[in-house]
Every structure is written in structure tokens, then in C-alpha cells.
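Coordinates in review
Spelled out, the chains give:
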Amino acid sequence: MLKIGSHVSMSAPDYLLGAVKEAQSYNASALMIYSGAPQNTRRIDVDRFKIEEAREYMKEVGFDPENIIMHAPYIINLANTVKPEVFELAHSFLVEEIKRTQAIGSKVLVLHPGSHVKAGEELGLLQIIKGLDLVSEQVDMGDLKIALETMAGKGSELGFTFEQIARIRAGVKDNSNLGVCLDTCHIHDAGYDLNEFDKVLDSFDEIIGLENLSVIHVNDSKNVKGARKDRHANIGFGEIGFDNLLEVIYHPRLSHLCKILETPFVEKQAPYKLEIAMIREKMFKPDLFENL
Ligand code: FE
Ligand code: FE
Ligand code: ZN
């Protein structure tokens, strides 16, 4: 069965229960949530997340809890060597985020590797490695994977080449809990050619190892290959195109992985129900959003 879903909101009053219901309304079989606002670190107690109610509901409707993906807030910057307080917050918050992910029962926590903020690639990568080592000393991750996301390379972002991701994985003391999140918009913006996705996958396999891939973000891109901009477009409405994205979504080597849409809202409305239907029908509809 196709594991497809989108980013959904987890907010008051129903939190996780609300998130699963939202995913259901899109006819999704997977979902991704932030444990709170992605741009800040204010978090409520997991006791209020309605986890038990959500589990009951998932059982009722047949939603597989294994298909819940978490995303750490993007203000976490493990690569920062310039401001010690930023690095400090990054690894201590990540420890708490791992505990929240475990409480929810999710097995995958997506993390942006970080930005070196002008300190340079080398220092940034070493700092990420140091941060991840500090985290794994402080918490037992069990079978949880921190999935380092492949980035677009905007600004001083790290993790925009497979080599950088591999470098981090090779540098930490124990990488058994380190997975990878492949974002189609980001790799396209970083210069990988999605017209030749099999070659991209082969190179991923050679450099990182396909067995380390934990989740896929499926987004089209508003910019040309290599633009390093990171602006997501709706499925089939960007520079990557519908057929190339469909190849990723239905690729036999990736069939066991969740595919998560993070495409932009259209007319202030979530596009996911329409996009997921179009993906399931495997036929691009240029007028998809015309009646919104
Ligand atoms: Fe992300
Ligand atoms: Fe992403
Ligand atoms: Zn992005």
C-alpha cells in the first residue's frame, strides 16, 4: 500500500487526535507533525497531546501509527559555532524533542542538519557531529531514527550534498540512530537531476547507503535545478514536474517509505486532499485548484 500523506497541524484542543483526523480527511495513509510551532521552542506537555485517544482512533480507522513522522523545529541549529547559546539550546531541545517523539510513538524525527552561519562548512559539520554525540549521550533512542534532511543549500545550510550527510554519519560515535530524509525540492535546488532519478538513487546508495533512508519529502520546486532557493511548489506545478515526482513516489526501491507532501497552500487552503487524489490517479490535472 502506498504510504502517502502530508504535513498536518497538531494544535489545541485535539493535538495528535486532530492531526490524524486531518490526515484522514485528505485520504492520507501517513502524516508529519511538528510538536509545536516550527519557528519557536515553546512546547506543551505531552500529556495534553491526546495520544491515547489518537491511538484508539487510528485502530478504528486503520491508520498505521508507524506512518507518523515528526519534524524538529527549524530554529534548532546544531551547526552554530558562533553563538554558544544557540548550540546549547539546539542539543538540549533535541533531547526533549526525542522524548516527545517517543511518547507519540513515532519512529522518525526529521532534523535539518544546520547552518554554519559564516564559520565555514568544515567547522559547521564538526559542530553538528559534536551536537549529535551530546544528544545520544543524554537519551536512549531505542529504535528511533533522527532523519537528517537533505537541504537546498540556501544561505549557509549544510547537508545539501550526499557527501556532507555521509560525513556527519561517519563522524558521530554511533550512527545506528541516524537516518536520512530525502526532500525532492531540496535535492533539485541543490543541483541533483530528477530527470535521472535512478542515477540520483544510485549515488545516494553509494555515498550514504539506501538502507539509511528513513522518509521522503515530496515537493515540486518553484526554481530551476541548482538554484539553492528552497521554495516549494505544488505537485506538478513546478520545475521538477509531475512525472518525475510520480517516479519518486512509486519507485519500487522506496515503496516501504512514507512520502510526505509539504507543498504550499492555495487560496489559503491546504492542497493535500486534491494532490493526494491526483497522485493516486497518476494523472496530472493542470486545473486541479481551479475550483478552490
Ligand atoms: Fe524540513
Ligand atoms: Fe522537507
Ligand atoms: Zn524546504
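Residues numbered from 1 in each chain as written. Chains lettered and ligands numbered in written order. Predicted model: local features only at pLDDT ≥ 70, side-chain atom pairs only at ≥ 80, totals over all residues. Heavy atoms only, no water.

1. Considering the coordination of the zinc ion (ligand 3)
Of the protein atoms, only His 186 (NE2), Asp 230 (OD) and His 232 (NE2) coordinate the zinc ion (ligand 3), at distances of 2.0 to 2.3 Å. Donor residues for the zinc ion (ligand 3), ordered by position in the chain, follow H-x43-D-x1-H. Metal-to-metal, the separation of the zinc ion (ligand 3) and the iron ion (ligand 1) is 5.5 Å. Here Asp 230 and His 232 have matching classes, each one buried. (Donors = N, O, S within 2.8 Å, 3.2 Å for Na, K, Ca; no water. Buried < 20%, exposed > 50% of the residue type's maximum accessible area, 1.4 Å probe, protein only.)

2. Quick look at the pattern of salt bridges
Tallied over the entire structure, the rule returns 12 salt bridges. Between Glu 66 and Lys 107 there is a salt bridge whose closest N-O contact spans 3.2 Å. Taken together, the residues span a long stretch of sequence, with Glu 66 in the loop between α2 (51–61) and β3 (68–71) and Lys 107 in the loop between α3 (84–104) and β4 (108–111) at a distance of 41 residues. You can call Lys 107 partly exposed: its relative accessible area is 26%. Residue Arg 100 pairs with Glu 97 through a salt bridge whose shortest N-O separation is 2.9 Å. One end of the pair, Arg 100, and the other, Glu 97, are both in helix α3, 3 residues apart, so they sit about a helical turn from each other. A residue is classified by how much of its surface remains accessible, and Glu 97, at 0% relative accessible area, is buried. Among the ionic contacts, a cluster of salt bridges with common partners joins Glu 66, Lys 107 and Asp 143. (Salt bridge = Lys/Arg side-chain N within 4 Å of Asp/Glu carboxyl O. Helix = DSSP H or I, 4+ residues; strand = E, 2+ residues; numbered from the N terminus.)

3. Things to note about the nonpolar core
Judged by nonpolar contacts, the single largest core of 83 residues is most densely connected at Ile 33 and Leu 132. When residues in this core are grouped by element, the largest group, 7 residues, is from α3. Every residue in contact with Ile 33, bar those within four places of it in the chain, is listed here: Val 8, Met 10, Leu 16, Ala 19, Ile 68, Ile 69, Met 70, His 71 and Ile 104. Counting 10 residues, the second largest nonpolar core, distinct from the first, contains Met 32, Val 108, Ala 147 and Cys 181. (Core = buried A, V, L, I, M, F, W, Y, C linked by side-chain atoms within 4.5 Å. Contact = heavy atoms within 4.5 Å.)

4. A short note on the pairing of β4
What you see with β4 is no split at all: Val 108 and Val 110 on one side and Leu 109 and Leu 111 on the other are buried throughout. Pairing of β3 with β4, which is carried by 3 bridges, proceeds in the parallel orientation. Its bridge partner lying in β4, His 71 is registered against Val 110. Alignment of β4 against strand β5 (residues 145–149), held across 4 bridges, turns out to be parallel. Considered in β5, the bridge of Val 110 is made with Ala 147. After leaving β4, the chain enters helix α4 (residues 121–138) and then returns to the sheet as β5, a path that is right-handed. (Pairing = 2+ DSSP bridges. Right-handed = clockwise from strand over helix to strand, strands pointing away.)

5. Thoughts on the sheet that holds strand β1 (residues 4–7)
Pairing in this closed barrel of 8 strands is parallel, and the strands run β1-β2-β3-β4-β5-β6-β7-β10 around the ring. Strand-to-strand, the axes of this sheet are offset by a mean angle of 30°, without reference to chain direction. Sheet topology places strand β7 (residues 213–218) next to strand β10 (residues 259–261); 3 bridges connect them, and they run parallel. From the neighbouring strand, Val 218 faces β10, where its bridge partner is Leu 261. Packing of helix α8 (residues 242–249) onto the sheet brings it into contact with β1, β7 and β10, and relative to β7 it is tilted by some 155°. Sitting on the sheet, helix α9 (residues 272–281) touches β1 and β10, and the angle it makes with β1 is about 160°. (Axes fitted to C-alpha atoms, helices over the stretch in contact; angles between N-to-C directions.)

6. A look at the coordination of the iron ion (ligand 2)
The protein atoms donating to the iron ion (ligand 2) are Glu 149 (OE), Asp 183 (OD), His 217 (ND1) and Glu 262 (OE), with metal-donor distances spanning 2.1 to 2.2 Å. With 4 donor atoms in place around the iron ion (ligand 2) and angles of 82 to 172° between them, the coordination shape is irregular. Along the chain, the residues that donate to the iron ion (ligand 2) are spaced as E-x33-D-x33-H-x44-E. A distance of 3.3 Å spans the gap from the iron ion (ligand 2) to the iron ion (ligand 1), which Glu 149 bridges by coordinating each metal. Placement of His 217 in strand β7 and of Glu 262 in the loop between β10 and α9 is noted, with a sequence separation of 45 residues between them. Just as His 217 is buried, Glu 262 falls in that class too. (Tetrahedral: all angles 85-135°; square planar, octahedral: opposite > 155°, others 65-115°.)

7. Remarks on the packing of α3 against α4
Following both chains from N to C, one finds α3 and α4 inclined at 40°, their axes separated by 9 Å at the closest point. The pairing of α3 with α4 is recorded here as oblique in orientation. As for how α3 packs across α4, the hand of that crossing is right-handed. Two secondary-structure elements touch here, α3 through Phe 87, His 91, Leu 94, Val 95 and Ile 98 and α4 through Gln 127, Lys 130, Gly 131, Leu 132, Leu 134, Val 135 and Gln 138. Taken together, the residues of the contact of α3 with α4 break down into 7 nonpolar, 4 polar and 1 charged. (Parallel < 35°, antiparallel > 145°, perpendicular 65-115°, else oblique. Left-handed = near helix turned anticlockwise from the far one by under 90°. Nonpolar A, V, L, I, M, F, W, Y, C, P; charged D, E, K, R; others polar.)

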